[in-house]
Each structure stands twice: as structure tokens, then as C-alpha cells.
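Notes for the structure review
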Amino acid sequence: MQIKKVGVIGCGLMGRGIGEVSARAGFDVVVSEVNQQLLDKGLAAIDASLAKGVEKGKVTEADKAAAMGRIKGTINVQDFKDCDLVIEAAIENLELKKKIFGDLDKICVKDAILATNTSCLSVMDMAAVTQRQDKVLGMHFFNPVPVMKLLELVKTIATSEETLSAAKAFGQSVGKTVVTAPDVPGFIVNRLLMPFLIEAVRLIESGLATREDIDQAIVLGLNHPMGPLTLADFVGLDTAYFICNAMYDEMKENRFAPPVLLRKMVTAGQYGRKSGKGFYDYK
Ligand code: CAA
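Residues numbered from 1 in each chain as written. Predicted model: local features only at pLDDT ≥ 70, side-chain atom pairs only at ≥ 80, totals over all residues. Heavy atoms only, no water.

**Digging into the overall build of the protein**
Helices and strands together make up the secondary structure of the protein, namely 11 helices and eight strands. Computed over its C-alpha atoms, the radius of gyration of the protein comes to 19 Å, within 12% of the 19 Å expected for a compact globule of 283 residues. Along the first, second and third principal axes, the C-alpha set of the protein runs to 55 × 45 × 35 Å. Within the protein, the fraction of its 283 residues that count as buried is 46%. Within the protein, counting contacts between residues at least 6 apart in sequence, those at least 24 apart form 66% of the total. Carbon and sulfur atoms provide 55% of the accessible area of the protein, an area that totals close to 13,400 Å². Taking the average place of the 34 positive charges on the side chains of the protein and the average place of its 34 negative ones, the gap between the two points comes to 1 Å. (Helix = DSSP H or I, 4+ residues; strand = E, 2+ residues; numbered from the N terminus. Rg over C-alpha atoms; globule rule 2.2 N^0.38 Å. Buried < 20%, exposed > 50% of the residue type's maximum accessible area, 1.4 Å probe, protein only. Contact = heavy atoms within 4.5 Å. Areas by Shrake-Rupley, 256 points an atom, 1.4 Å probe, with all protein chains shown as cover. Lys, Arg positive; Asp, Glu negative; His and termini not counted. Charge placed at Lys NZ, Arg CZ, Asp CG, Glu CD.)

Put into C-alpha cells, the structure is as follows:
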């Protein structure tokens, strides 16, 4: 099937990025939020990101205006009815996501593909509440979406090859390199990233190395753009904690168990960059 109109549920950090790259690639886009205030905030953030693209010489003023013209904001889920692809980027709560998938299944045209941007939850659990399991898959983008080149496509045991190839074509048309990942907690990237991040937290917790030395070692020794503690702050310590727990709950392997320090920091509201404090101070 040919994808022309794309729906994005959620206009937070990930949803707005997915909406932006889709509109920039020429798709008609509908983005939704739970209320008008959050929708306005998300749309303003898309505008600001495109403005940054202009400033960096990646986007022209005309392309920015055209992209914004292709994006329609809504707080009414019925507006997804004629989308060919809907990507859910709501908060990481499986029950909420299942509810969204059940609603979309009833509202959307029968050929529409339903995707989730979840970073760790079971895609099959979302597919199972629909009457179109073959048309459900994971489309996991990376933050910041306009800049990161990867898209993980998560194929469940029920996803059809036709759905996978339509999603692949869409991913490539929004400028991403696509990999196919299994529907296991963390897929490929987080399966490898989270043990790495929490091992850095364990080094801090046990007092064996400083945050600066850990980060500098990885930036200079492995050529990563950010060290693991800076990256953990960037991803959000609450998000990293959630992903580790989801992986641990499903697999019961200690390598995924979040360290106590991470839990305490999350309890203290130290979420990293978004809260102004994590392993580093951002105030
Ligand atoms: N549109 C298009 N291009 C843009 C843009 C926009 N809105 N904003 C910036 N860019 C371009 C810039 O022009 C620049 O391109 P060049 O390299 O060609 O010059 C590039 O993007 C980098 O932009 P900046 O100069 O603004 O930023 P930077 O060099 O300081 O890098 C960073 C910032 C991209 C965040 C970098 O530090 C980085 O890659 N960090 C690691 C990020 C990462 O690992 N993300 C994944 C997190 S895990 C996740 O998301 C999944 C999960 O489930 C947890």
C-alpha cells in the first residue's frame, strides 16, 4: 500500500519529531495531543525545530513553511480515520497503548498500518487488541528524531511482510536507515544501550570512577558523541529506569536490573536534562 497521510498520536519529544520528519518528507500529517494546551506546545516545538534546521542550513524557509502547512493538529482521535499509517508515540504505559490501538482499530480504514514508537514494550500485546495483527509493528525512532539516522522496525510474530516493506519504504522516505529488530524488550538498540548505561551508573554508585572520567573515557576512547552519564541524562533517567525495569520484568536477568542509585535519583525527581538535574546540573 502507498502511504500518503500519516497520523502521530502524541506531540511530546518523540511524536513531534516524527511529525516533523514526515511533513518535511512531503506527507500530510495529523498529530494529536490529549488537550489543546499540549497540542499548541507540541506544534510550537515543531516550528522551533524547523527554525533550527533553517539556522543550521538543513531546511529552507520555503520548506519550513510547506512542512508546517502539511501538519494538522487535533485533539480528536476521529481525525485519524483516513490515515494510511498511524504512529503511536504516547507515554510508555502498556494499558494506555492497548486502549489507543483498540480505538484506532475501530476508527481507521481497514488497510491502515498501526505502529508504535515504544522503546521497550511488547508490540504483540498492542497488536493483540486489534483485528489487524498483520498490520501492526513497532517503528522506534531515536531522539532527536530530525537528526538521528536510525529507525528500528519491530516485527512481531504476526506482522506481515507487506506491512514491513511498506514501513521500510516510509522510513527511507523520511531519510532514515532502517533495521529490522525482534519484538523482545529493548529491541536491538536499548537491549545493548541500557546495560551499558546502567554499568556506568554502577561505577558511580560504587565510587570507582568520577562522572567526568567515565564520560570522557567513552567519548574519547570509543568516539561516542556523548558519554554514558551525559546520554542517560539526555534520554531521561526516568525513561532509562522504565526501560530497564521492563527488560528485567520480562527476562529476569540481572544485567538489566536498574541500580539502586538510579531508582533513588528518579524518586528524587532527578530525571536529567528535562528536570534540570541528573548526573549533571542543567540549571
Ligand atoms: N533538522 C535537521 N538537521 C538538524 C536539526 C534539525 N532540526 N537540528 C540539528 N541538525 C543537524 C545539524 O545541522 C548537525 O548536522 P551536521 O553534523 O551535518 O553539521 C547535526 O544535526 C547535529 O546538530 P547540532 O550541531 O545541533 O548538535 P551536536 O553536534 O551538538 O549534537 C546530538 C547533538 C545530535 C544530540 C549529539 O550529541 C548526539 O548524537 N548525541 C547522542 C544522541 C543519542 O544517542 N540519541 C539516542 C538516544 S536513545 C533513544 O532515543 C531511544 C530510546 O529508546 C531511549
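Now that the structure has been shown, we can carry on.
**Examining the site of the ligand**
Around the ligand, the structure places 23 residues, and the nearest of them are Lys56, Lys58, His140, Asn143 and Asn190. The contact in question runs from an oxygen atom of the ligand to an N or O atom on the side chain of Lys58, over 2.7 Å. Take Asn190: an N or O atom from its side chain is 2.9 Å from an oxygen atom of the ligand. Against a free-state accessible area of 1,100 Å², the protein chains account for coverage of 68% of the ligand. Counting only elements with at least two residues in the shell around the ligand, the list comes to α1 (13–24), α2 (36–55), α7 (189–205) and α9 (228–235). (Near = heavy atom within 4 Å. Polar contact = N/O pair within 3.5 Å; in protein donor to acceptor, adjacent residues only side chain to side chain.)

**Focus: the nonpolar core**
Phe80, Val86, Leu104, Met194 and Phe279 are the most contacted members of the largest nonpolar core, which has 44 residues in total. Those elements that provide at least two residues to this core are α4 (94–107), α5 (123–127), α7, α9, α10 (237–251) and α11 (260–267). When residues of this core are assigned to their parent elements, the largest contribution, eight residues, is made by α10. Two domains each provide a minimum of three residues to this core, namely domain 1 (5–182) and domain 2 (190–273). If we ignore the near neighbours within four places in the chain, the residues touching Leu104 are Ile9, Val77, Phe80, Val86, Leu114 and Arg132. Counting 34 residues, the second-largest nonpolar core is a separate cluster that includes Ile113, Leu137, Val145 and Val174. (Core = buried A, V, L, I, M, F, W, Y, C linked by side-chain atoms within 4.5 Å. Domains from an automatic or database assignment.)

**Thoughts on the sheet that holds strand β2 (residues 28–32)**
Taken in spatial order, the eight strands line up as β3-β2-β1-β4-β5-β6-β7-β8 in an open sheet, and their pairing is mixed. Only two strands of the sheet have a single partner each, and these edge strands are β3 (71–74) and β8 (177–182). Pairwise comparison of adjacent strand axes, ignoring direction, gives a mean angle of 25° for this sheet. Sheet strands in contact with helix α6 (residues 161–173) are β1 (5–9), β4 (85–88), β5 (113–116), β6 (136–141), β7 (150–155) and β8, and its direction is about 25° off that of β6. (Pairing = 2+ DSSP bridges. Axes fitted to C-alpha atoms, helices over the stretch in contact; angles between N-to-C directions.)

**A short note on the domain arrangement of the protein**
You can read the domains of the protein as domain 1 (5–182) and domain 2 (190–273). Each of domain 1 and domain 2 has a C-alpha centre, and these two points are 27 Å apart. If you look at the interface, domain 1 gives seven residues, while domain 2 gives five residues. A per-residue breakdown of the area domain 1 buries against domain 2 is headed by Ser119, Cys120 and Asn143, which together make up 58% of the total. At the surface where domain 1 touches domain 2, the tally comes to zero salt bridges. Across the domain 1-domain 2 interface, the total number found is one residue pair in polar contact (both at pLDDT 80 or more). Across the side of domain 1 that touches domain 2, the residue classes break down as three nonpolar, three polar and one charged. (Buried area = accessible area lost by both parts, 1.4 Å probe. Salt bridge = Lys/Arg side-chain N within 4 Å of Asp/Glu carboxyl O. Nonpolar A, V, L, I, M, F, W, Y, C, P; charged D, E, K, R; others polar.)

**Considerations on the packing of α2 against helix α3 (residues 61–70)**
For any two helices packed against each other, the geometry is given by the interaxial angle and the distance between the axes. Their axes nearest at 9 Å, the elements α2 and α3 cross at an angle of 160°. Considering the angle they form, α2 stands roughly antiparallel to α3. The handedness of the crossing between α2 and α3 is right-handed. Of the residues in α3, those in contact with Leu43, Ile46, Asp47, Leu50, Ala51 and Val54 of α2 are Glu61, Lys64, Ala67 and Met68. In terms of residue class, the contact of α2 with α3 is built from seven nonpolar, no polar and three charged. (Parallel < 35°, antiparallel > 145°, perpendicular 65-115°, else oblique. Left-handed = near helix turned anticlockwise from the far one by under 90°.)

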